[in-house]
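# Coordinate inspection notes
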Amino acid sequence: MPRTVITGGAGFLGSHLADLFIEKGHDVVVLDNLSTGNTDNIAHLAGHPRFTFIHHDVTEYIFLAGPVNYILHFASPASPIDYLKLPIQTLKVGSLGTHKALGLARAKNAVFLLASTSEVYGDPLVHPQHEDYWGNVNPIGPRGVYDEAKRFAEAMVMGYHRTFGMDTKIVRIFNTYGPRMRLDDGRALPAFVSQAIRGEPLTVFGDGLQTRSFCYVGDLVDGIFRLLMSGEHEPVNVGNPAEITIMDFAREILDITGSKSPIAHRPLPVDDPRVRQPDISKARALLGWEPKIGRREGLSKTIAYFRDRLDGRGAAPPGGGRAGATRPR
Ligand code: UDP
């Protein structure tokens, strides 16, 4: 029975990975300090004989007895409002946390996978983004704490791979959505859905002509599993290439929810990328992977989840703000 450690396993993506590896018959150990994750996301796994949760900050030394076969390093604040609120923690988990997780992988002779990000491409000058593109990142802007931490993490993973011959993988994750996203994480999707359901204005930042490409979480974790089992060591983009402007995305959410909310423009956050679309030719060729769930289907599932949360909890905190990080562009 393989034993798999997931750092950040109580977060949105980490918890879906925990489900997948349990399903595949692995023993799963989740490490999370719950700074942005939540045990609600893994509560259904509590008591499972192959599941363990350890409340731990992975920037501190990780002690784990027994064998480990796979380590997936997903711990990090990942939504813009979170890493703007937690800049030092974001830098630490990308650097010190990656170091500790790699150290554990080395000690256990485990396969290591880093959750990297499309943010390594910054505000890209090449479109769509292929893995060979080195990016256009502002190191000292507010998003730099996340972008540069992930770029450093990629460099450290390649350093361990080259120095110790470790079996490492790097996935560059593009915008992903689905159940268990936090309603208040400030990202476009939870913000728009909660605003649409409550009848509040949808807060479109800037002119709304910036683009993103949204991947359903079920497709994403399938791609990550395939990469983990592959022989590839260099970064691989995993995301859905279906690109849409944020304005059209807001309209689509109004349409699916049947909401009459107006759209209200707000200032564009600093260094907000103008475009983003993964070139997934490498994932297609190497992993035989491509997304299967279209936006309407994925959005319907996600909106049903958010409706339940909003009904169950009454008024959740608003999702639209990114205080202190905006300037007109
Ligand atoms: N966005 C928006 N309104 C919101 C939240 C986000 O218009 O309430 C925009 C944001 O400026 C960006 C896009 O939607 O251009 C996607 O933002 P998100 O935070 O979801 O992720 P990002 O891709 O920027 O990391």
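Scroll up to find the structure this text is about.
Given the structure is predicted, the values throughout are model-derived calculations rather than measurements.

Conventions and cut-offs
Residues numbered from 1 in each chain as written. Predicted model: local features only at pLDDT ≥ 70, side-chain atom pairs only at ≥ 80, totals over all residues. Heavy atoms only, no water. 1 Å grid on protein atoms, 1.4 Å probe; cavity = no way out; pocket = protein on both sides within 12 Å on 5 of 7 lines; lining within 4 Å. Points joined across faces, edges and corners; volume = space filled by probe spheres on them. Helix = DSSP H or I, 4+ residues; strand = E, 2+ residues; numbered from the N terminus. Polar contact = N/O pair within 3.5 Å; in protein donor to acceptor, adjacent residues only side chain to side chain. Contact = heavy atoms within 4.5 Å. Axes fitted to C-alpha atoms, helices over the stretch in contact; angles between N-to-C directions. Left-handed = near helix turned anticlockwise from the far one by under 90°. Nonpolar A, V, L, I, M, F, W, Y, C, P; charged D, E, K, R; others polar. Expected span 1.5 Å × (residues − 1). Buried < 20%, exposed > 50% of the residue type's maximum accessible area, 1.4 Å probe, protein only. Phe/Tyr/Trp six-rings, centres within 6.5 Å; stacked < 30°, edge-to-face > 60°.

## Notes on empty space enclosed by the protein
On inspection of all chains with the given rule, the structure shows two cavities of 30 Å³ or more. By volume, the second largest cavity is sized at about 30 Å³. Around the second largest cavity, the lining residues are His 73, Ala 75, Ser 76, Val 93, Gly 94, Thr 98, Leu 114, Lys 150 and Ala 153. Of all the elements in the fold, those that place two or more residues in the lining of the second largest cavity are helix H3 (87-108) and helix H4 (144-164). It is H3 that provides the largest number of residues to the lining of the second largest cavity, a total of three residues.

## Quick look at the side chain of Thr 245
Turning to its location among the elements, Thr 245 is positioned in strand E12 (residues 243-245). Polar contacts involving the side chain of Thr 245 include one to the main-chain amide nitrogen of Asp 248, which spans 3.1 Å. Excluding its chain neighbours within four sequence positions, the residues that come into contact with Thr 245 are Gly 208, Leu 209, Gln 210 and Thr 211.

## Focus on the packing of helix H1 (residues 12-23) against helix H6 (residues 217-228)
Helix packing for two helices is described by the angle between their axes and how far apart those axes are. It is the contact of H1 with H6, at a shortest axis distance of 10 Å, that shows an interaxial angle of 65°. The handedness of the crossing between H1 and H6 is right-handed. Residue-level contacts link Phe 12, Leu 13, His 16, Leu 17, Leu 20 and Phe 21 of H1 to Val 217, Leu 220, Val 221, Ile 224, Phe 225 and Leu 228 of H6. Considered class by class, the residues forming the contact of H1 with H6 number 11 nonpolar, one polar and no charged.

## Quick word on H1
In this model, H1 (12 residues) spans 17 Å end to end at C-alpha, consistent with the 16 Å of a helix rising 1.5 Å per residue. With respect to burial, H1 is a largely interior element, 11 of its 12 residues being buried. For H1, the full list of buried residues reads Phe 12, Leu 13, Gly 14, Ser 15, His 16, Leu 17, Ala 18, Asp 19, Leu 20, Phe 21 and Ile 22.

## Overview of the layout of surface pockets
In this structure, the second largest pocket spans a volume of roughly 330 Å³. Residue lining of the second largest pocket: 17 residues in total, with Glu 131, Trp 134, Glu 154, Arg 172 and Pro 235 positioned closest to the centre. With five residues, H4 is the single largest residue contributor to the lining of the second largest pocket. In the lining of the second largest pocket, the residues fall into seven nonpolar, two polar and eight charged.

## Topic: the environment of Arg 180
By the element assignment, Arg 180 lies in the loop between strand E7 (176-177) and helix H5 (188-198). Using a relative accessible area of 16% as the deciding quantity, one classes Arg 180 as buried. In the structure, Arg 180 is positioned 169 residues away from Gly 11 in sequence and 8.0 Å away in space, judged by C-alpha atoms. Those residues in contact with Arg 180, other than ones at most four positions away along the chain, are Phe 12, Ser 15, His 16, Asp 19, Asn 41, His 44 and Tyr 305. Within polar-contact distance, the side chain of Arg 180 engages the side chain of Ser 15 at 3.0 Å. Separated by 3.5 Å, the side chains of Arg 180 and His 44 make a polar contact.

## Some words on unusual backbone geometry
Residue Pro 128 is bonded to the preceding His 127 through a cis peptide linkage, with omega at -10°. Among the structural elements, Pro 128 can be located in the loop between strand E5 (111-117) and H4. Despite not being glycine, Asp 271 shows a phi value in the positive range, around 60°. Mapped onto the elements, Asp 271 comes out in the loop between strand E13 (263-266) and helix H8 (281-287). Assessed through its relative accessible area of 19%, Asp 271 is described here as buried.

## Notes on H6
If you check H6, its first and last C-alpha atoms are 16 Å apart, about what 12 residues at 1.5 Å a residue would give, namely 16 Å. The complete set of buried residues in H6 reads Val 217, Asp 219, Leu 220, Val 221, Gly 223, Ile 224, Phe 225, Leu 227 and Leu 228.

## Observations concerning the packing of aromatic side chains
Scanning the model with the defined rule gives nine aromatic pairs in all. A ring pair is formed by Phe 214 and Phe 249, whose centres lie 4.1 Å apart and whose planes are at 10°; its orientation type is stacked. Of the two residues, Phe 214 is situated in the loop between strand E9 (211-213) and strand E10 (215-216) and Phe 249 in helix H7 (residues 246-257); the sequence distance between them amounts to 35 residues. Accessibility assignment for this pair places Phe 214 and Phe 249 in one class, buried. Clustering of aromatic rings is evident, with ring pairs tying together Tyr 121, Tyr 133 and Phe 174.

## Considerations on the environment of Asn 138
Along the chain, the position of Asn 138 falls in the loop between E5 and H4. Residues Asn 138 and His 16 lie 122 residues apart in sequence; the distance between their C-alpha atoms is 31 Å. If we skip the residues at most four places from it in the chain, Asn 138 touches Gly 144 and Asp 271. Here Ile 140 takes part through its backbone nitrogen, which lies 3.0 Å from a polar atom of the side chain of Asn 138. One polar contact links Asn 138 to Asp 271, side chain to side chain, over a distance of 3.0 Å.

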